[in-house]
Amino acid sequence: MTQAAVSYQVKLLEARLGTSLFLRHKGRLSLTETGRRIAPLVSDSFDTLDRAFRLARAEDERVLTISTFQSFATNWLAARIGGFQIARPQLAVRLRSDDHYVDFAAEDVDVAIRNGHGNWPGLVAHFLMRVAIQPLASPDFIARNAPVESPGDVMQLQRLSPDDWWWIRWLTESGGVAGAAQGNPGIRLDSQMMEGNAAMAGHGVAILNALMWQNEIKTGRLVPLGPFAIANHSFWLAYPEHRRHSPKIKAFRAWLDEVIAVAATGQPAILFEPPDEDR
């Protein structure tokens, strides 16, 4: 603040108190008797506030709160986040899993891993990866149904959440005919976790992020229907612009990049470049 602004604030304070705090003489200031009496108490109060804010800043840097959607938290991040905790033992980690977009201004969250276009006003969006989506089903379900030779054949099977827009996008980009998207009503589920588990139980074909279900694919509990896979929306690490230089966020961002690079080795479900529309 300028000297004039400080002088103005002092006058406002004295007017509010109804008494003078400073004596003014030849351009110099000294405390009045009232000012001398309250000065130690005011100083102690500012010291208490300073300690409180320093404590809050220190506490904030000791805890990292991550928000991400359920399938990513459960099927990918939870199995790896222990590595970050080992690398940063002084930092406590909280992992929140829900499918809504967190409001950083209203919720106690440091970073969010989101699936989308990466263009969120006021947020830094650090690109992580793209993943493939493809139809997956249980071996028993595949054995009970006709062989799949084209995307159109997939669309004629019992599909889980058949009105999910992923089905239309997958059909279009894998070379199918849009009309083939019409089919039976099917079972509508609210999340990939439900759809993946329903598919493993043999209740239909689910359109899933392949990366989230790699263990199930490796163990044969879920089987891709043909070579039909397309790249889906990108994954981003998002956080407020003013937190860009937070040490704990920088550390988590660097760790994520390393873990994704390792996970992507020989992994066709991961792509490292966002599409032009997501840049």
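Cut-offs applied
Residues numbered from 1 in each chain as written. Predicted model: local features only at pLDDT ≥ 70, side-chain atom pairs only at ≥ 80, totals over all residues. Heavy atoms only, no water. Pairing = 2+ DSSP bridges. Helix = DSSP H or I, 4+ residues; strand = E, 2+ residues; numbered from the N terminus. Phe/Tyr/Trp six-rings, centres within 6.5 Å; stacked < 30°, edge-to-face > 60°. Buried < 20%, exposed > 50% of the residue type's maximum accessible area, 1.4 Å probe, protein only. Lys NZ or Arg CZ within 6 Å of the ring centre and 35° of its normal. Salt bridge = Lys/Arg side-chain N within 4 Å of Asp/Glu carboxyl O. Contact = heavy atoms within 4.5 Å. Patch = residues over 30% accessible without salt bridge, like charges linked within 9 Å, V, L, I, M, F, W, Y side chains within 5 Å. Areas by Shrake-Rupley, 256 points an atom, 1.4 Å probe, with all protein chains shown as cover. Core = buried A, V, L, I, M, F, W, Y, C linked by side-chain atoms within 4.5 Å.

Enquirer: For this particular structure, what's the right way to read the pairing of strand β1 (residues 22-25)?
Expert: The side chains of a regular strand alternate, residue by residue, between the two faces of the sheet. In the sheet, β1 pairs with strand β2 (residues 28-31) via four bridges, with the strands oriented antiparallel. Counted as the bridge partner of L23 is S30 from β2. Remark: two residues form the turn of the hairpin made by β1 and β2, two consecutive strands paired antiparallel; K26 in that turn has positive phi of roughly 50 degrees.

Enquirer: Looking at this structure, I do not really get the packing of aromatic side chains. What am I missing?
Expert: In this description, a pair of aromatic rings is defined by centroid distance and the angle of the planes. Enumeration according to the criterion identifies 10 aromatic pairs in this entry. On the numbers, 5.4 Å between centres and 80 degrees between planes, the contact of F72 with F235 is edge-to-face. In this pair, F72 sits in helix α3 (residues 70-77) while F235 sits in strand β9 (residues 230-240), placing the two residues 163 residues apart along the sequence. Neither F72 nor F235 differs from the other in exposure class; each is buried. Between the aromatic rings of F127 and W236, the centroid separation amounts to 5.4 Å while the plane-to-plane angle is 70 degrees, which identifies the pairing as edge-to-face. A residue pair is termed long-range when its members are at least 10 positions apart, and F127 in strand β6 (residues 123-137) and W236 in strand β9 qualify at 109 residues. Of the two residues, F127 and W236, neither departs from the other in class, the shared state being buried. A connected cluster of aromatic rings, assembled from ring pairs, spans F69, F72, W76 and F235. Seen from the ring of Y101, R114 lies directly overhead, with NZ or CZ sitting 4.4 Å from the centre. Positioned over the ring face of W120 is R114, at 5.0 Å from the centre of the ring.

Enquirer: Please clarify how the pattern of salt bridges should be interpreted in this entry.
Expert: Once the charged atoms of two side chains with opposite charge are near each other, the side chains can pair. One pass over the full model with this rule turns up 10 salt bridges. Measuring nitrogen to oxygen at the nearest pair gives 2.7 Å for the salt bridge that ties R96 to E107. On the criterion of sequence distance, the pair formed by R96 in strand β4 (residues 92-97) and E107 in the loop between β4 and β5 (111-116) is long-range, its members being 11 residues apart. Residue classification places E107 among the partly exposed positions, given a relative accessible area of 24%. For K248, the salt bridge goes to D110, with nearest N and O atoms at 3.2 Å. Highlighted residues: K248 in helix α10 (residues 247-263) and D110 in the loop between β4 and β5, separated in sequence by 138 residues. Assessed through its relative accessible area of 1%, K248 is described here as buried. Since its relative accessible area comes to 4%, D110 is described here as buried. The structure contains a network of salt bridges with shared partners spanning R96, D98 and E107.

Enquirer: How do you make sense of unusual backbone geometry when you look at a structure like this?
Expert: Negative phi is the rule for most residues except glycine; trans is the rule for most peptide bonds. In this model, S161 sits at a positive phi of 50 degrees, which is unusual for a non-glycine residue. Along the chain, S161 turns up in the loop between α6 (151-155) and α7 (165-173). Overall, the relative accessible area of 4% leaves S161 in the buried class.

Enquirer: Is there a simple way to think about α3 in this case?
Expert: Owing to its 3.6 residues per turn, the α-helix brings residues three or four apart onto one side. The buried fraction of α3 is high, at six of eight residues. Among the residues of α3, those classed as buried are S71, F72, A73, N75, W76 and L77.

Enquirer: Sorry if this is basic, but what is going on with the side chain of S71 here?
Expert: Turning to its location among the elements, S71 is positioned in helix α3. On the basis of relative accessible area, S71 is assigned to the buried category, the value being 5%. Ignoring any residue separated from it by four or fewer positions in sequence, one finds S71 in contact with W76, Q192, M193 and M212.

Enquirer: How should I be thinking about a nonpolar patch on the surface in this particular structure?
Expert: Residues L13, L17, I38, V42, F46 and L49 make up a contiguous nonpolar surface patch of roughly 530 Å² in combined accessible area. Counting residues per element, the ones that place at least two in the nonpolar patch are α1 (3-17) and α2 (33-62). Structurally, L49 can be placed in helix α2.

Enquirer: So what exactly am I meant to see when it comes to the nonpolar core here?
Expert: Nonpolar side chains in soluble globular proteins tend to end up buried together. F72, W76, L77, F252 and L256 are the most contacted members of the largest nonpolar core, which has 37 residues in total. No other element matches the eight residues that α10 contributes to this core. Contact partners of F72, with chain neighbours within four places excluded, come to L77, I113, M129, M212 and F235. In this structure, A137, W170, L171 and L225 belong to the second largest nonpolar core, which totals 15 residues.

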